[in-house]
Amino acid sequence: MSESLDRSVKLNVLKEPVLRRLCDAPSRTLLRLLGERGCTSGHLHDYLQTVGNDEALRCIRQPGLQVLIQPQSASVPRGSTLHLSCYAVSKTPGIQYQWFKSKEELANSCSPDLVLSRVRVQDSGFYICRANCGETVEFSQWAQVDVLDAGTTPGLNSSMEGRLKVLIQPQPRQLMAGDTLQLECGAAGRPIPRYQWHRNGAPLPGASKRKLLISNATLDHHGRYRCEISSNGERRWTNELNFKVVSLLDLTESEMRNAVDEFLLLLHKGVYGLLYYAGHGYENYGNSFMVPVDAPSPYRSANCLCVQSILQLMQEKQTGLNVFLLDMCRKRNIHDDSTPNIMLKVTANIVFGYATCQDAEAFEISSSGFTNGVFVKFLKKRLLDNEKITVVLDKVAEDMGQFDPTKGKQALEIRSSLSERRALTDPILPGNCVDVALAHNRQWAKAHELPESMCLDFDCGAQIKLGFAAEFSNVLVIYTHIVKKPPDMSFCQAHVTDFSQELDVDPKEMNRETPEETGIYLLSHSLPQHCLYTRISCLQKLKEELVFTVCLQGTFSALGDDPVHWTRSVDIGKPLIARLDLHHTMRRNSCLHTCLMPHSPSASPSPQPRPGAPNPTSAPLTTTTHHSNPGDPQPPALSLLPPLFQFPTWQIAGHRWRLAWIPFGDKHYSGGRRHAAASGRRR
C-alpha cells in the first residue's frame, strides 16, 4: 500500500473529500460508525480487496500527482485580461503544464497561470490544463469562459475578482404580434454567473440563459422582463439603480466636509442625488445634523454637518431628484441652541426618509452574527421596486409598522415635495451635457480604482499572489495566496505587515484564514478561498503612497524545519478614496459656509452639562452597526449597505445620471452606552 492511505489511519479521521469519492451519504455514515469502533484504513483496504471492489480501492489511493488549485470559470468583458490558474503537487519534482481550449493545444501556455490579454468574444469556450510529471498525467477540471461583448469598464479588471457586475442590460422592445422577442443580459464574475429570467415578477420556466428568445410573440408575452443573475452567493438584477456609489466609514469633521465637496463635484443638471447616512445624529428646529467621529463632548452644530446645508448646495446644481435617507436618532441636542439660517429653494423634487419620528430614537437588531438598523432592514427589500420613491418609502413604513420589537418605539417618517413620478429605477437618458457627465464619471472612477493583482517571486522559488478588493470606498481588503512553493519546502506561508500608522489596522485582525475573522462580511462570499486576509480601514487618512511588506516564511526538512524568512516591499500607490486627499484641512468651498454657526469648530466652548441633563455623546444617538463602546468587537459592515449599493454597473452619464453618497457614522464614540429595548438596541 505504498500509494494508498496509511493502514493505521482510522476511518473516522478520513477527510470529507476522500469520503465523498468513496461512497454516497448512507455509506459515509457506515464508515464513520466503523471508524468509531476502531476500524482502520488498512482493514478497509483488505476488505475491499477481498470483495474485488477495484473502483473503491482507486478512490482511497493517494495519487502521485494531484491538482490542488483548479481553474475557475469566469465571465469577463471584451478587452479585459483573463487569468486562469492550475497548480499541481507531486512527490517528485519536474511538473510540466500545458493549457488547452477544448481539444486545441494553446501555444506558449506552459505555466500554471494562463493569461490572455485583451480577450475577444471568440475566446469564449472551455479551457483545461494538463499537468504531467514523468509518465504520470493529471488533468484539471474544465473552466468555462464567457467573453461579453460589452467593452471594458475603467477599473473593472482590477476590482472584478470575485465580484458580480452587470454589464449588459436588456433593452426595451416594441414588437408586432408574430415577431420574435429577443432580450440579452450579461454579467462579469467568478464563477460564471447563473441566469433566470422573470416576467412581471414571476420566473419563466426554462429561461436560464443569458439570452431570452421567444418566437412568435403574442399579446400574452407583453410585460416587464428582468433577469436575476447570481454567482457565488451574490445576486444582482438587471435594470438595477446603477448609482455611482461613494461609501465611507468613520470620518472626522474635515473629512466629512471634504467628502461632501467631492460629492457635489459629481452633480449637475438632471442628476439624481441620494444621501444615505447611518450614524450618530440629532435634530434641532427641523434641521438634521450628522455627527463626525472627532466631535467634542458636548458637541454643537459647529462640529457637525447639517443635512439641510447639503441640500442647499445640491439645489444649486439643479439636480433632478434629491433623496435623503437618514438612519439616525432625532432627539434634540440640549447643548445646541443655534438655528442655522438655511434658505432652501422651492423645488418639487425633495424627499426625506427618516428612520424614526421627530424627538425619537432609532433601533438596530442582531441576527445570525449580523447587525442591522431596523430602517435599512426593510429598506433593502423595497429599493428595487419600480415605484415612485415616496411610494417605496410608504411600503417600507408599512413593513416597519408590522415589526413587533419596535412597535410604539420607532416609526418611519416621510417628508416630500415631489410632484412628479420619479423613481430610483428610472432609466438613464442621454442629455445635453455628455462631456460634463463623462468628466464626472472619470472623477468617480479615480476614487474607486483598485491596485492590480500581482505575483511576487522570492529567491527560494516560491511565488505569492497578492490580490485586492474594496469593501467600501475607504476600506481595502488585501489577500495573499501561495501559488507555487519549492518541492523541498515542507511549509510555506505569506503575510503582510508594516502598514502606515495613519491607517486603522488591528494587528490581531491581520492575516486571518477567513474574511470574517478580520471583520470582512460584505465580501466574505466573493473573495478567493485558501488565502490570508487583511482589512485596511480609514484610507482617507493616507497622506503618502501605501507601502507595506510581504513576509514569506518557510521551513525545509533538510534544515531541521527551522523557519526561514524572506521579505518584499510593495508600493500600491494611493488606492480608492485615498487619491482625493480628504485628510486635508477644510477647503474654502466647503459646505461649512452654508451654516450660521455661533462658534468655529476649533473654538467651540464646552460648558458642563446642567445637573441631571443627559450628555448627548453618551446618549443612545448612534445608528446601525457602527456605534459601540470602545473596545467592543467591530460589527459587520454588511448590514449597513443595501445590496444594490455594492459598486453598481458603470453607466455613461446623461440626464438621469444618478449618484448615491453613503457616509456612515462612528463605530466608536467616547462614553457611549448600549441600551437594550425589545430585541433591538437604541442608537
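The model shown is predicted, which means the values in this text are computed figures rather than measured ones.

## Thoughts on the overall build of the protein
Looking only at helices and strands, the protein features ten helices and 38 strands. The buried share among the 683 residues of the protein stands at 54%. For the protein, restricting intrachain contacts to residue pairs at least 6 apart in sequence, the fraction spanning at least 24 positions comes to 73%. For the protein, the exposed surface amounts to about 30700 Å²; the carbon and sulfur share of it is 49%.

## Focus: the packing of helix α8 (residues 374-382) against helix α9 (residues 389-401)
Two quantities define a packed helix pair, namely the angle between the axes and the distance from one axis to the other. Two numbers describe how α8 lies on α9: the axes approach to 9 Å, and their chain directions differ by 130 degrees. Classified by the interaxial angle, the pair formed by α8 and α9 is oblique. As for the relative orientation of α8 and α9, their crossing is right-handed in sense. On the side of α8, the interface is formed by Val374, Phe375, Phe378, Leu379 and Arg382, while α9 contributes Val392, Leu393, Lys395, Val396, Asp399 and Met400. Across the contact of α8 with α9, the residue classes tally to eight nonpolar, no polar and three charged.

## Section: α9
The end-to-end C-alpha distance of α9 is 18 Å, a good match for the 18 Å that 13 residues give at a rise of 1.5 Å each. Turning to α9, its buried residues are Ile389, Thr390, Val392, Leu393, Val396 and Met400. Buried residues of α9 fall within an arc of 155 degrees about the axis and therefore sit on the same side. Close packing links the buried residues of α9 with β24 (321-327), β25 (350-354), α8 and β28 (413-416).

## Here we look at the sheet that holds strand β18 (residues 234-237)
Two pairing modes exist for strands in a sheet, parallel and antiparallel, and in both the strands are linked by backbone hydrogen bonds. The four strands lie next to each other as β15-β14-β17-β18, forming an open sheet whose pairing is antiparallel. Whereas interior strands pair on both sides, the edge strands pair on one side only; in this sheet they are β15 (202-203) and β18. When strand β17 (residues 225-231) meets β18, the two strands line up antiparallel, connected through four bridges. Residue Glu228 lies in a different strand from β18, and its bridge partner there is Trp237.

## A look at the packing of aromatic side chains
If you walk through the whole model with that rule in mind, you get seven aromatic pairs. Between the aromatic rings of Phe324 and Phe352, the centroid separation amounts to 4.9 Å while the plane-to-plane angle is 10 degrees, which identifies the pairing as stacked. Placement of Phe324 in strand β24 and of Phe352 in strand β25 is noted, with a sequence separation of 28 residues between them. Exposure remark for Phe324: the relative accessible area of 0% places this residue in the buried category. Their ring planes at 75 degrees and their centres at 6.4 Å tell us that Phe556 and Trp566 sit as a pair that is edge-to-face.

## Regarding unusual backbone geometry
Following Arg190, the chain continues to Pro191 via a peptide bond in cis, the omega torsion being -10 degrees. Within the secondary structure, Pro191 sits in the loop between β13 (186-188) and β14 (194-199). Residues other than glycine seldom take positive phi values, yet Asn108 does so here, at roughly 55 degrees. Along the polypeptide, Asn108 turns up in the loop between β6 (104-105) and β7 (113-116). Even without being glycine, Leu576 reaches a positive phi, approximately 55 degrees. With respect to the helices and strands, Leu576 occurs in the loop between β35 (564-571) and β36 (658-664). By relative accessible area, which is 0% here, Leu576 ends up buried.

## Quick look at the confidence of the model for the protein
Here the protein averages 76 in pLDDT, and 76% of its residues register 70 or above. A low-confidence stretch, residues 1-15 (pLDDT under 50), is modelled with 36 contacts involving residues beyond four sequence positions or located in other chains. In the predicted structure, residues 593-658 sits below a pLDDT of 50 and forms 245 contacts with residues beyond four places in sequence or in another chain.

## Considerations on the pattern of salt bridges
In total, this model carries 18 salt bridges according to the counting rule given. The closest approach of N and O atoms between Lys541 and Glu255, which form a salt bridge, is 3.0 Å. Of the two residues, Lys541 sits in the loop between β33 (532-536) and β34 (547-556) while Glu255 sits in helix α6 (residues 253-265), which places them 286 residues apart along the sequence. Note on Lys541: relative accessible area 25%, which makes it partly exposed. Across the pair Glu517 and Arg512 runs a salt bridge, and its minimum N-O distance is 3.2 Å. In this structure Arg512 comes out as partly exposed when scored by relative accessible area, which is 31%. A cluster of three or more residues bridged by salt bridges with shared partners is formed by Glu283, Arg330, Glu413 and Arg415.

## Here we look at the nonpolar core
By size, the foremost hydrophobic cluster in this structure holds 64 residues, and its most contacted members are Leu466, Leu476, Ile478, Phe499, Phe548 and Leu552. Those residues in contact with Phe499 that lie beyond four places of it in its chain are Ile478, Val505, Met510, Thr534, Ile536, Leu546, Val547 and Phe548. Ranked by size, the runner-up nonpolar core spans 29 residues in total, among them Leu325, Leu393, Phe403 and Leu424.

Reading the values: rules and limits
Residues numbered from 1 in each chain as written. Predicted model: local features only at pLDDT ≥ 70, side-chain atom pairs only at ≥ 80, totals over all residues. Heavy atoms only, no water. Helix = DSSP H or I, 4+ residues; strand = E, 2+ residues; numbered from the N terminus. Buried < 20%, exposed > 50% of the residue type's maximum accessible area, 1.4 Å probe, protein only. Contact = heavy atoms within 4.5 Å. Areas by Shrake-Rupley, 256 points an atom, 1.4 Å probe, with all protein chains shown as cover. Axes fitted to C-alpha atoms, helices over the stretch in contact; angles between N-to-C directions. Parallel < 35°, antiparallel > 145°, perpendicular 65-115°, else oblique. Left-handed = near helix turned anticlockwise from the far one by under 90°. Nonpolar A, V, L, I, M, F, W, Y, C, P; charged D, E, K, R; others polar. Expected span 1.5 Å × (residues − 1). Arc of directions from axis to C-beta. Pairing = 2+ DSSP bridges. Phe/Tyr/Trp six-rings, centres within 6.5 Å; stacked < 30°, edge-to-face > 60°. pLDDT = per-residue confidence, 0-100. Salt bridge = Lys/Arg side-chain N within 4 Å of Asp/Glu carboxyl O. Core = buried A, V, L, I, M, F, W, Y, C linked by side-chain atoms within 4.5 Å.

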